[in-house]
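In case you want the letters, here they are:
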Amino acid sequence: MNDKPLVIAGKEYTSRLIVGTGKYKTLPLMKEALTASGAEMVTVAIRRVNLQDKSPESFWNHIPEGMTILPNTAGCYTAGDAVRIARLAREVLQTPLIKLEVLGDTKTLLPDTQALLEATKQLVKEGFTVLPYTNDDPILAKRLEESGAAAVMPLAAPIGSGRGVQNPLNIQFILETVTHVPVIVDAGVGTASDAAVAMELGVDGVLMNTAIADAQDPVLMAKAMQQAVSAGRHAFLAGRMEKKIYAAPSSPTQGVVAPLTEKTSS
């Protein structure tokens, strides 16, 4: 079956895996893991990096060449703050792309949905390509699409929790509701099987950071995530078998050799 490409703001991406840059022990390790992931887009927390440092040892020189940089507003708790950071990112990085995060709680890091919708509308009005991180609410997801978001990015589980997809039914509802822009699972993936499960639901991509950066071997985990996202997508396209209550033999029951019967002694 032919697959449609992942398209964000008119640009096609071969990889459906988007990766982050936080929590790595060293910058060289980060670069090696990002390369191993095969991802073509990488997200960067604008508030947590030095935007002016262009030295050979700088953060920016450890982003693999050719990767699309997706700045994000991580750490923002108001719509105004998120809009301000987005404007700064566009000015310095010369990109309209922004991964929009407006958090509502320091413990769960769940989004402030009202502020998120407000900031999305404002940034779209200003010409940004907005990819909002949101909860798994299909109603809000549709509102974000209607507001001009270039993709909708519902969480699998709270940021950095590694719990995998907690509400697969909600993700399916979002896929039925959001029909004109990509749906990308963002946050909560812990290991390769979590990524495969998300992709098997039919989402267009998966974004992750901690699952790779906090692994005992980040480079190996990055490779595993690349394979899992690809395998999950293929499984979705192939169409899984029907779930059944009882066993069903995998061998035909027609035309089989009759079983031997024991002879009775006279």
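Residues numbered from 1 in each chain as written. Predicted model: local features only at pLDDT ≥ 70, side-chain atom pairs only at ≥ 80, totals over all residues. Heavy atoms only, no water.

Enquirer: Could you give an account of the pattern of salt bridges, with specific residues and numbers?
Expert: Counted under the stated rule, the structure contains 9 salt bridges. Between Glu101 and Lys99 there is a salt bridge, with its nearest N and O atoms 2.5 Å apart. Owing to a relative accessible area of 7%, Glu101 belongs among the buried residues under this scheme. Overall, Lys99 belongs to the buried group, its relative accessible area being 5%. Among the ionic contacts, a cluster of salt bridges with common partners joins Asp3, Arg16 and Arg233. (Salt bridge = Lys/Arg side-chain N within 4 Å of Asp/Glu carboxyl O. Buried < 20%, exposed > 50% of the residue type's maximum accessible area, 1.4 Å probe, protein only.)

Enquirer: Requested: an account of the nonpolar core, with residues and values cited.
Expert: In a soluble, globular protein the nonpolar side chains are often hidden away together inside. In terms of nonpolar packing, the biggest core is built from 66 residues, with Val19, Leu34, Leu100, Leu123, Met208, Ile212 and Met225 touching the most fellow members. When neighbours within four sequence positions are excluded, Val19 is seen to be in contact with Leu34, Ser37, Ala39, Met41, Val42, Thr43, Met67, Met208 and Ile212. Membership of the second largest hydrophobic core comes to 13 residues, among which are Leu6, Ile8, Leu97 and Leu131. (Core = buried A, V, L, I, M, F, W, Y, C linked by side-chain atoms within 4.5 Å. Contact = heavy atoms within 4.5 Å.)

Enquirer: Got a sec to walk through the packing of helix α2 (residues 79-93) against helix α3 (residues 113-125)? Specific residues and values, please.
Expert: Remark: α2 packs on α3, axes separated minimally by 9 Å, with the N-to-C direction vectors making an angle of 35°. For the pair α2 and α3, the sense of crossing is right-handed. Of the residues in α3, those touching α2 at Ala79, Val83, Ala86 and Arg87 are Ala115, Glu118, Ala119, Gln122 and Leu123. (Axes fitted to C-alpha atoms, helices over the stretch in contact; angles between N-to-C directions. Helix = DSSP H or I, 4+ residues; strand = E, 2+ residues; numbered from the N terminus. Left-handed = near helix turned anticlockwise from the far one by under 90°.)

Enquirer: Break down the packing of aromatic side chains for me, with residues and values.
Expert: Summed over the entire model, instances satisfying the criterion amount to 1 aromatic pair. Consider the rings of Phe59 and Trp60, whose centres lie 5.1 Å apart with planes at 85°: the pair is edge-to-face. Neither Phe59 nor Trp60 differs from the other in exposure class; each is buried. Sitting over the ring of Phe128, Arg90 keeps its end group 3.9 Å from the ring centre. (Phe/Tyr/Trp six-rings, centres within 6.5 Å; stacked < 30°, edge-to-face > 60°. Lys NZ or Arg CZ within 6 Å of the ring centre and 35° of its normal.)

Enquirer: Can you explain unusual backbone geometry? Please cite residues and give values.
Expert: One non-glycine residue with positive phi stands out, namely Gln94, at about 55°. Locating Gln94 in the fold gives a position in the loop between α2 and β6 (97-100). Even without being a glycine, Ala187 presents a positive backbone phi close to 95°. On the secondary structure map, Ala187 appears in the loop between β9 (184-186) and α6 (192-200). On the basis of relative accessible area, Ala187 is assigned to the buried category, the value being 9%.

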